[in-house]
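# Report on the structure
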Amino acid sequence: MFQTAFKYYKSRNPPPSFEDVLLIGSDHPNLKPVRVDDIDGQCFAGLLSPSEWKVHELTGRPGLLVVANPFTAEAQRQWMTRSLADYPNPPNTTNQSGVGQRARDAVGSWWEQLQTIPTPAERRTFAKSLRWATLGYQYDWTNKLYDEARREPFPPELGALVRHVATTLGYDRFSPEAAIVNYYPAGATLAGHTDHSEDDQTAPLFSFSFGQPAVFLIGGTSREEQPDALLLRSGDIVVMTGASRLCYHAVPRVCIDAELPEGLGCSAARWAVLGAERQDAVQWGAAVEEYMRHSRININVRQVLRENQQTLQRSGLG
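The protein chain goes by Fe2OG dioxygenase domain-containing protein in an unreviewed UniProt entry, where it is assigned to Anopheles merus.

Structure follows, in structure tokens:
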């Protein structure tokens, strides 16, 4: 049932209907409102006050929380820029780490290299080459585990954001220790899977979406169960807690606004140009805008260790 739904929403010809896709923040019987309160009146820069957040739990998936975009437009651009300009850099690992690239790539980061490519078509092709980056505990995709010997500092600004969201939602003991940043060009997919490599599989998983919309499938603990489909738009947050933490999930479709029925796209909330934080802020903002016009970025953050556990029991592979 899960794979059937995945193929349906992935299909290009014919394209799927979006009539059964839930829109985060909407008034729908399958979305149960969850009340959150300000904590000592504290707000986080770039986020709305928690009392203004639209938080729901998916009624058929206990523990699956969704937060309709609580970010300001400028904050979204800042997280997009960090994801593009900072997070793919050493000591973080990417799908390109250790892989030879074109001659023009000999100097500079992936993002800097992208800016040197003269034509939009070539830039789009090169942009698609980056698919993931790992932060904090570096994830070994081959062996499906984390390694104490490859534990890097977790980005402090991302850690602060996740702790604020976690505390607001009642998970004040959550410790952000690893993240995978996924880069999805339009048309990319992520197959159905569960996240079970962490030593603590009871801690929630926080997932932040930026850029173009995507269809997100959340099923049960078996691939035989019919999944629910959610439309994730820029700034939306998914939190997998409780029973939903080990459920199958996938991204069968990354959309461009024009593919969606009227009212479902993001065009009404285009991202503001970043302030003059860099000497080339206007040019840099335009480069981010160009990339995001055809792409989605997802930052999913995990707690690897159990509470009061200081290190992984294993060190090294094998």
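A few words on the sheet that holds strand S12 (residues 228-232). The strands making up a sheet associate through hydrogen bonds between their backbones, and the pairing can be parallel or antiparallel. Spatially, S1-S12-S11-S14-S9 is the arrangement adopted by the 5 strands of the open sheet, whose pairing is mixed. Looking at the sheet topology across the chains shown, the edges are occupied by strand S1 (22-23) and strand S9 (190-193). Along the sheet, helix H1 (residues 2-10) makes contact with S9, strand S11 (214-218), S12 and strand S14 (249-254), crossing S14 at roughly 15°.

Moving on, we come to the environment of Arg173. Among the structural elements, Arg173 can be located in the loop between helix H5 (156-168) and strand S8 (178-185). When the C-alpha atoms of Arg173 and Arg163 are compared, they prove to be 8.6 Å apart, with 10 residues separating the residues in sequence. With residues near it in sequence (within four places) discarded, Arg173 still touches Gln303 and Glu307.

Enumeration over the complete set of coordinates arrives at 7 salt bridges. Lys32 is paired through a salt bridge with Glu57; the nearest N and O atoms lie 3.4 Å apart. With Lys32 in strand S2 (residues 31-33) and Glu57 in strand S3 (residues 54-58), this pair connects stretches of sequence that are 25 residues apart. The class of Glu57 is buried, set by a relative accessible area of 16%. Its salt-bridge partner being Arg61, residue Asp228 comes within 2.9 Å of it at the nearest N-O pair. Linking Asp228 in strand S12 with Arg61 in the loop between S3 and strand S4 (64-68), this pair joins segments that are 167 residues apart in sequence.

The next thing to look at is the UniProt feature "binding site: Fe cation" (unreviewed entry) in the protein chain. Here, the residues flagged by UniProt with the feature "binding site: Fe cation" (unreviewed entry) are His193, Asp195 and His249. What stands out for the annotated residues spanning 57 residues is how close their C-alpha atoms remain, the widest pair being 9.0 Å apart. Using a relative accessible area of 9% as the deciding quantity, one classes Asp195 as buried. Those residues in contact with Asp195 that lie beyond four places of it in its chain are Leu205, Arg245, Leu246, His249 and Arg302. Mapped onto the elements, His249 comes out in strand S14. Taking relative accessible area as the criterion, His249 reaches 6% and is therefore assigned buried. If near-sequence neighbours (up to four positions away) are discounted, His249 is found in contact with Phe2, Ala191, Gly192, His193, Thr194, Asp195, Phe216, Leu217, Ile218 and Met240. Polar contacts involving the side chain of His249 include one to the main-chain carbonyl oxygen of Cys247, which spans 3.0 Å.

Further remarks concern the packing of aromatic side chains. Counted under the stated rule, the structure contains 10 aromatic pairs. Ring geometry for Trp110 and Trp111: centres 5.9 Å apart, planes at 35°, overall tilted. For the pair Trp110 and Trp111, one class covers both residues: buried. Each ring, one from Trp110 and one from Tyr291, has its centre 6.0 Å from the other, and the planes form 90°; the classification is edge-to-face. One end of the pair, Trp110, is in helix H3 (residues 110-115); the other, Tyr291, is in helix H6 (residues 281-292), with 181 residues separating them in the sequence. Judged on exposure class, the residue Trp110 and its partner Tyr291 are both buried. In textbook terms, an aromatic cluster arises when at least three aromatic residues are bridged by ring pairs, as seen for Trp110, Trp111, Phe126 and Tyr291. Across the ring face of Trp79, the terminal group of Arg82 is positioned such that the distance to the ring centre comes to 4.4 Å.

Attention shifts here to the nonpolar core. Formed by 46 residues in total, the largest nonpolar core has its most connected members in Leu158, Phe208 and Tyr291. Leave out the neighbours within four places in its chain, and Tyr291 touches Leu84, Trp110, Trp111, Leu114, Ala127, Tyr183 and Ile297. Counting residues in hydrophobic clusters, the runner-up holds 20 residues, among them Leu31, Leu58, Tyr184 and Phe216.

Calculation rules
Residues numbered from 1 in each chain as written. Predicted model: local features only at pLDDT ≥ 70, side-chain atom pairs only at ≥ 80, totals over all residues. Heavy atoms only, no water. Pairing = 2+ DSSP bridges. Helix = DSSP H or I, 4+ residues; strand = E, 2+ residues; numbered from the N terminus. Contact = heavy atoms within 4.5 Å. Axes fitted to C-alpha atoms, helices over the stretch in contact; angles between N-to-C directions. Salt bridge = Lys/Arg side-chain N within 4 Å of Asp/Glu carboxyl O. Buried < 20%, exposed > 50% of the residue type's maximum accessible area, 1.4 Å probe, protein only. UniProt positions renumbered as here; feature names shortened; annotations may be inferred. Polar contact = N/O pair within 3.5 Å; in protein donor to acceptor, adjacent residues only side chain to side chain. Phe/Tyr/Trp six-rings, centres within 6.5 Å; stacked < 30°, edge-to-face > 60°. Lys NZ or Arg CZ within 6 Å of the ring centre and 35° of its normal. Core = buried A, V, L, I, M, F, W, Y, C linked by side-chain atoms within 4.5 Å.

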